[in-house]
Amino acid sequence: GAGVSQSPSNKVTEKGKDVELRCDPISGHTALYWYRQRLGQGLEFLIYFQGNSAPDKSGLPSDRFSAERTGESVSTLTIQRTQQEDSAVYLCASSLGGRAHTGELFFGEGSRLTVL
Amino acid sequence: LAKTTQPISMDSYEGQEVNITCSHNNIATNDYITWYQQFPSQGPRFIIQGYKTKVTNEVASLFIPADRKSSTLSLPRVSLSDTAVYYCLVNPVDSSYKLIFGSGTRLLVRP
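I will try to describe carefully the structure that is included in this document. (Residues numbered from 1 in each chain as written. Chains lettered and ligands numbered in written order. Predicted model: local features only at pLDDT ≥ 70, side-chain atom pairs only at ≥ 80, totals over all residues. Heavy atoms only, no water.)

### Points about the overall build of chain A
Here's step 1: Per the secondary structure count, chain A includes zero helices and 11 strands.
Here's step 2: Against the compact-globule benchmark of 13 Å for 116 residues, chain A has a radius of gyration of 13 Å, which places it among compact chains.
Here's step 3: Principal-axis analysis of the C-alpha atoms gives chain A an extent of 40 × 25 × 25 Å.
Here's step 4: A buried classification covers 48% of the 116 residues belonging to chain A.
Here's step 5: For chain A, contacts bridging at least 24 residues in sequence account for 54% of all contacts bridging at least 6.
Here's step 6: As displayed, chain A has an accessible area near 5400 Å², and 44% of this comes from carbon and sulfur atoms.
Here's step 7: Charge separation in chain A, taken as the distance between the mean sites of 12 positive and 13 negative side-chain charges, equals 3 Å. (Helix = DSSP H or I, 4+ residues; strand = E, 2+ residues; numbered from the N terminus. Rg over C-alpha atoms; globule rule 2.2 N^0.38 Å. Buried < 20%, exposed > 50% of the residue type's maximum accessible area, 1.4 Å probe, protein only. Contact = heavy atoms within 4.5 Å. Areas by Shrake-Rupley, 256 points an atom, 1.4 Å probe, with all protein chains shown as cover. Lys, Arg positive; Asp, Glu negative; His and termini not counted. Charge placed at Lys NZ, Arg CZ, Asp CG, Glu CD.)

Right, dumping it as structure tokens:
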């Protein structure tokens, strides 16, 4: 597709269950970012990938959070044993990476996670 | 990392010019200043980017003084549809980098 695609758009789960959120970046974009946005708050950086490597995982809130990227394309953010505090919109963005990076990120519509 | 400081919120009326100022006292020589706009239930959208002096596009203007310790996003003649959250970032270009969004400025445009 032409833009960043995220799925599911909405996910309701029970506390303690695992969830996987998927991001399909713009073709050719080597950099990929995950952010979390709680209701009424700003964007909280989670992790970014350059290619399939994650140079900076410092934003992952706990060891229940993990992310991977394969084929310099799709990325999956996994949250294990979800807690109610994990409820938020998870936003993915991609950009031209490396030396082509301009600072312009292209965001998806987000995955809204609700943990009951 | 250069930290940015913006007003939490601003109010305006349709047809007015809105100026949102961002402070970034620790900006590095290779940092650019980038502004994003976010509407409810959407991801942020790039508005404008600059390094120094003035940049203008079809949406906004960006004013950056010589010391680059602050920048001002100017929205001419705002409309109701400009109601959004505006984020200021400082970031290097030519290399992928962790991009930090602050809390942003909530702009409310009234009729």
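### Regarding the interface of chain A and chain B
Here's step 1: Each side of the interface is counted separately: chain A has 26 residues, and chain B has 24 residues.
Here's step 2: Around 1800 Å² of area is buried between chain A and chain B when both sides are counted, 48% of it from carbon and sulfur atoms.
Here's step 3: Linking chain A with chain B are zero salt bridges.
Here's step 4: Connecting chain A to chain B are five residue pairs in polar contact (both at pLDDT 80 or more).
Here's step 5: Mapped by element, the contributors of at least two residues to the side of chain A that touches chain B are β4 (31–37) and β5 (44–50) of chain A.
Here's step 6: Top element by residues in the side of chain A that touches chain B is β4 of chain A. It accounts for four residues.
Here's step 7: The residue makeup of the side of chain A that touches chain B, split by class, is nine nonpolar, 12 polar and five charged. (Buried area = accessible area lost by both parts, 1.4 Å probe. Salt bridge = Lys/Arg side-chain N within 4 Å of Asp/Glu carboxyl O. Polar contact = N/O pair within 3.5 Å; in protein donor to acceptor, adjacent residues only side chain to side chain. Nonpolar A, V, L, I, M, F, W, Y, C, P; charged D, E, K, R; others polar.)

### Focus: the pairing of strand β3 (residues 31–38) of chain B
Residue and element names in this part refer to chain B.
Here's step 1: With seven of eight residues buried, β3 lies mostly within the body of the structure.
Here's step 2: By the bridge criterion, eight bridges tie β3 to strand β8 (residues 84–92) in an arrangement that is antiparallel. If you follow Y36 over to β8, its bridge partner there is Y87.
Here's step 3: Hairpin connection of β3 to strand β4 (residues 45–50): six residues between the antiparallel strands, including S41 at a positive phi of 65°. (Pairing = 2+ DSSP bridges.)

### A word on the sheet that holds β4 of chain B
Residue and element names in this part refer to chain B.
Here's step 1: Reading across the sheet, the five strands line up as β1-β9-β8-β3-β4 and stay open at both edges, with mixed pairing between neighbours. Both edges of this open sheet fall to β1 (9–13) and β4, since each of them pairs with a single strand only. Direction aside, the axes of adjacent strands within the sheet are offset by 25° on average.
Here's step 2: Bridge count for β1 against strand β9 (residues 105–110) is five bridges, and the pairing is parallel. Among the inter-strand pairings, D11 is bridged to a residue of β9, identified as L108. (Axes fitted to C-alpha atoms, helices over the stretch in contact; angles between N-to-C directions.)

### Comments concerning the state of the cysteines
Formally, a disulfide is one covalent bond, and it connects the sulfur atom of one cysteine to the sulfur atom of another.
Here's step 1: Counted according to the given criterion, the structure contains two disulfides over all chains.
Here's step 2: Each disulfide pairs two cysteine sulfurs, and for C23 of chain A the partner residue is C92 of chain A, the sulfurs being separated by 1.9 Å. An S-S torsion of about -70° defines the bridge between C23 of chain A and C92 of chain A as left-handed. Of this pair, C23 of chain A sits in strand β3 (residues 19–24) while C92 of chain A sits in strand β9 (residues 88–95), and the two are 69 residues apart along the sequence. Accessibility assignment for this pair places C23 of chain A and C92 of chain A in one class, buried.
Here's step 3: Two residues, C22 of chain B and C88 of chain B, share a disulfide whose sulfurs are 2.2 Å apart. The sign of the S-S torsion, about -80°, decides the handedness of the disulfide formed by C22 of chain B and C88 of chain B: left-handed. Of this pair, C22 of chain B sits in strand β2 (residues 18–23) while C88 of chain B sits in strand β8, and the two are 66 residues apart along the sequence.
Here's step 4: For C22 of chain B, a relative accessible area of 0% puts it in the buried group.
Here's step 5: Classification of C88 of chain B by relative accessible area gives buried; the value is 0%. (Disulfide = S-S within 2.5 Å.)

Scope: geometric values only; no functional claims are made or implied.
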